[in-house]
Amino acid sequence: MRLHGIVNCDTVNKARAWLDANRVAYEWVDLRKSPPSADDLARWCKAVGWQTLLNRRGTTWRTLDDATKAAVVDEPTAIALMRARPTMIKRPVVEAAGGVVVGFSEEAYAKRFAR
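Residues numbered from 1 in each chain as written. Predicted model: local features only at pLDDT ≥ 70, side-chain atom pairs only at ≥ 80, totals over all residues. Heavy atoms only, no water.

**Q** Explanation requested: the packing of aromatic side chains in the structure shown.
**A** Aromatic ring pairs are defined here through the distance separating the ring centres and the angle between the ring planes. For the structure on display, the rule yields three aromatic pairs. Ring centres of Phe104 and Tyr109 lie 4.7 Å apart, and the angle between their planes is 75°; this geometry places the pair in the edge-to-face category. Here Tyr109 and Phe113 contribute two aromatic rings whose centre-to-centre distance is 5.1 Å and whose plane-to-plane angle is 80°, an arrangement assigned as edge-to-face. A residue pair is termed a helical-turn pair when its members lie 3 or 4 positions apart in one helix, as Tyr109 and Phe113 do in helix H7 (residues 106–113) at four residues. Classification of Tyr109 by relative accessible area gives buried; the value is 0%. Among the aromatic residues, those joined into a ring-pair cluster are Trp18, Phe104, Tyr109 and Phe113. (Phe/Tyr/Trp six-rings, centres within 6.5 Å; stacked < 30°, edge-to-face > 60°. Helix = DSSP H or I, 4+ residues; strand = E, 2+ residues; numbered from the N terminus. Buried < 20%, exposed > 50% of the residue type's maximum accessible area, 1.4 Å probe, protein only.)

Below, the structure written as structure tokens:
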């Protein structure tokens with residue numbers, strides 16, 4: 001299982017704390033140090049949809065100019081933006097045997113990952 005995120009993200013830190021407390025093993029991947037490939041992003045988009053994967057609530061989105069925001073209209077344009085700015089990816093992204101999970105919810109993690 002791989003957990004993708006950034007170190008200073010509160011949601012990522014909550015997810016990591018939950019996984020650690022519940023003794024769920026995972027490999028940590030820092031999106032800033034190891035950005036996902038276009039293939040990774042396409043696979044994640046196929047699993048959860050580009051609208052879910054693209055973080056439109058974060059600081060990075062708010063700092064974009066209106067033309068850049070307006071240009072994100074489909075999966076290829078979303079992937080291009082997430083490749084250029086990995087912090088545009090909603091976090092955390094967990095890749096596990098059962099698929100891809102985006103974001104953190106204690107209830108969802110308990111159903112999916114608890115032993």
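**Q** Would you mind going over the sheet that holds strand E4 (residues 99–102) with me for this structure?
**A** The strands making up a sheet associate through hydrogen bonds between their backbones, and the pairing can be parallel or antiparallel. The strand order across the open sheet built from four strands is E2-E1-E3-E4, with neighbouring strands paired in mixed fashion. Each edge of the open sheet is held by one strand with a lone partner, namely strand E2 (27–30) and E4. Averaged over all neighbouring strand pairs, the angle between strand axes comes to 20°, with direction disregarded. Two elements, strand E1 (residues 2–5) and E2, share four bridges in a ladder whose sense is parallel. (Pairing = 2+ DSSP bridges. Axes fitted to C-alpha atoms, helices over the stretch in contact; angles between N-to-C directions.)

**Q** Could you clarify how one ought to interpret the pattern of salt bridges in this entry?
**A** Once the charged atoms of two side chains with opposite charge are near each other, the side chains can pair. Summed over the entire model, instances satisfying the criterion amount to three salt bridges. Between Asp40 and Arg43 there is a salt bridge; the shortest N-O distance is 3.1 Å. Taken as a pair, Asp40 and Arg43 lie in helix H2 (residues 38–48) at a separation of three residues, close to a single helical turn. Overall, Asp40 belongs to the partly exposed group, its relative accessible area being 21%. (Salt bridge = Lys/Arg side-chain N within 4 Å of Asp/Glu carboxyl O.)

Purely geometric stuff here, so don't read any function into it on its own.
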